[in-house]
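This is what each chain is made of:
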Amino acid sequence: MAPLIEVRGLVNRFGDHTVHDDLDLDVYPGEILGVVGGSGTGKSVLLRSIIGLRQASGGTIRVFGQDLQELSAQDRSRVEQRFGVLFQTGALFTSLNLQENVALPLIEHTGLSRSDAEHLARMKLALAGLPAQAAWNYPSELSGGMVKRASLARALALDPEVLFLDEPTAGLDPISAAAFDRLLRTLRDALGFSVFLVTHDLDTLYTTCDRVAVLARGKVLVADSLEQVEDNPDPWIQDYFHGPRGRAAADAHQRLGREDY
């Protein structure tokens, strides 16, 4: 199966500090790929490089077989419309209600009337598990879990083929985080998109991800199933997956089963 995203020899530098050095990674159709690593390993930098928000210092990134940096502005915009992005803070427009937040990309990129765009926006909000009346709420009126769901609805507005999520469960209580994980997997199964998921949440890794990529020392140490990653002898991987929190997440997954989580 050909990858949707191919990263080859990626280099990212900030002054004299090198974050990525000859990094390779693939993302395949329909999979949920979890990206983990210690603080400063450049998980979010990698995400931003792939979606074109950061110009890499070297290497190539091909998305849907195309290098975004080589495309005209118009062609690049067309490719970017096949992405959906959920940033860590949600990044909703605070002056717009949820319906308007989700309708905005529809109006901007599809030429729909405001009425039709807002109708579709309400459908996306419902798809993300929000009650109908939430459409008229403003971000400041929402709980953290509702903000994440509203941001997910906006990321899904244009029916993306790849969804990029940056720490989607950060700041959520365990119940809300588990509900978000179940929602993500349900939507992936129903809609068939791929997911590039930056996270540090071990429960999220065990309940949602098909593969896990571990960043360290500027590279991807391993990108494989959780079972294979857990067996990697690298000290950081062993500490991460076999420390107290890793064992607890693995035990919970084995006890409940993915389908019941």
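Residues numbered from 1 in each chain as written. Predicted model: local features only at pLDDT ≥ 70, side-chain atom pairs only at ≥ 80, totals over all residues. Heavy atoms only, no water.

1. Notes on the packing of aromatic side chains
Considering all chains together, one arrives at 5 aromatic pairs under this definition. Arranged with centres 6.1 Å apart and planes meeting at 35 degrees, the rings of Phe64 and Phe83 form a pair that is tilted. Separated by 19 residues along the polypeptide, Phe64 in the loop between strand 4 (58-63) and strand 5 (66-67) and Phe83 in strand 6 (residues 83-86) bring together distant segments of the chain. Across the pair, exposure class does not vary: Phe64 and Phe83 are buried alike. The interplanar angle of 85 degrees and the centroid separation of 4.9 Å between the aromatic rings of Tyr240 and Phe241 together place this pair among those described as edge-to-face. Residue classification places Phe241 among the buried residues on the basis of a relative accessible area of 1%. Here the aromatic residues Phe64, Phe83, Phe164 and Phe196 are joined through ring pairs into a cluster of three or more. Directly above the ring of Phe14 sits Arg54, whose terminal nitrogen or CZ lies 4.1 Å from the centroid. Taking NZ or CZ as reference, Arg82 lies 3.8 Å from the ring centre of Phe64, over its face. (Phe/Tyr/Trp six-rings, centres within 6.5 Å; stacked < 30°, edge-to-face > 60°. Helix = DSSP H or I, 4+ residues; strand = E, 2+ residues; numbered from the N terminus. Buried < 20%, exposed > 50% of the residue type's maximum accessible area, 1.4 Å probe, protein only. Lys NZ or Arg CZ within 6 Å of the ring centre and 35° of its normal.)

2. Brief notes about the domain arrangement of the chain
Domain assignment breaks the chain into domain 1 (5-82 + 162-260) and domain 2 (94-159). Counting residues at the interface gives 13 residues for domain 1 and 11 residues for domain 2. Taken together, both faces of the contact between domain 1 and domain 2 bury some 1,000 Å²; the carbon and sulfur share is 73%. Along the contact surface separating domain 1 from domain 2 lie 0 salt bridges. Counting across the domain 1 and domain 2 interface gives 3 residue pairs in polar contact (both at pLDDT 80 or more). Taken together, the residues that form the side of domain 1 that touches domain 2 break down as 10 nonpolar, 2 polar and 1 charged. (Domains from an automatic or database assignment. Contact = heavy atoms within 4.5 Å. Buried area = accessible area lost by both parts, 1.4 Å probe. Salt bridge = Lys/Arg side-chain N within 4 Å of Asp/Glu carboxyl O. Polar contact = N/O pair within 3.5 Å; in protein donor to acceptor, adjacent residues only side chain to side chain. Nonpolar A, V, L, I, M, F, W, Y, C, P; charged D, E, K, R; others polar.)

3. Regarding the sheet that holds strand 2 (residues 17-27)
Read from one edge to the other, the open sheet built from 4 strands follows the order 2-1-4-5, with strand pairing classed as antiparallel. Across the chains shown, the open sheet's two edge strands, defined by having one partner strand only, are strand 2 and strand 5. As defined by bridge partners, strand 4 adjoins strand 5 across 2 bridges and the pair is classed as antiparallel. Across the sheet, residue Arg62 finds its bridge partner in strand 5, namely Asp67. This element, helix 1 (residues 43-50), spans strand 1 (5-14), strand 2 and strand 4 of the sheet and lies at about 120 degrees to strand 1. (Pairing = 2+ DSSP bridges. Axes fitted to C-alpha atoms, helices over the stretch in contact; angles between N-to-C directions.)

4. Some details on helix 6 (residues 174-191)
End to end, helix 6 covers 26 Å across 18 residues, agreeing with the expected 26 Å (1.5 Å per residue, within 8%). Listed in full, the buried residues belonging to helix 6 are Ala177, Ala178, Ala179, Phe180, Asp181, Leu183, Leu184, Arg185, Leu187 and Arg188. The opening residue of helix 6, the one whose side-chain oxygen lies 3.0 Å from the backbone nitrogen of Ile175, is Asp173. Looking at the residues trailing helix 6, positive phi occurs at Gly192, about 80 degrees. (Expected span 1.5 Å × (residues − 1).)

5. Quick word on the environment of Ile175
Along the chain, Ile175 falls in helix 6. On the basis of relative accessibility, which here comes to 68%, the residue Ile175 falls in the exposed class. In the structure, Ile175 is positioned 119 residues away from Ala56 in sequence and 37 Å away in space, judged by C-alpha atoms.

6. Points about the pairing of strand 1
Taken together, the 8 bridges between strand 1 and strand 2 define a ladder with antiparallel strand orientation. Bridging across to strand 2, Leu10 finds its partner in Leu23. The turn linking strand 1 back onto strand 2 is made up of 2 residues, and Gly15 within it adopts a positive phi angle of 65 degrees. Bridge count between strand 1 and strand 4: 5 bridges; the pairing is antiparallel.

7. Quick look at the packing of helix 5 (residues 144-155) against helix 6
Helix 6 packs onto helix 5 with a crossing angle of 15 degrees between their chain directions and a minimal axis gap of 11 Å. In terms of orientation, helix 5 and helix 6 fall into the roughly parallel class. Relative to helix 6, the crossing made by helix 5 is right-handed. Taken together, the residues of helix 6 that come into contact with helix 5 (itself represented by Lys148, Arg149 and Leu152) are Ala179, Phe180, Leu183 and Leu187. The residue inventory of the contact of helix 5 with helix 6, partitioned by class, reads 5 nonpolar, no polar and 2 charged. (Parallel < 35°, antiparallel > 145°, perpendicular 65-115°, else oblique. Left-handed = near helix turned anticlockwise from the far one by under 90°.)

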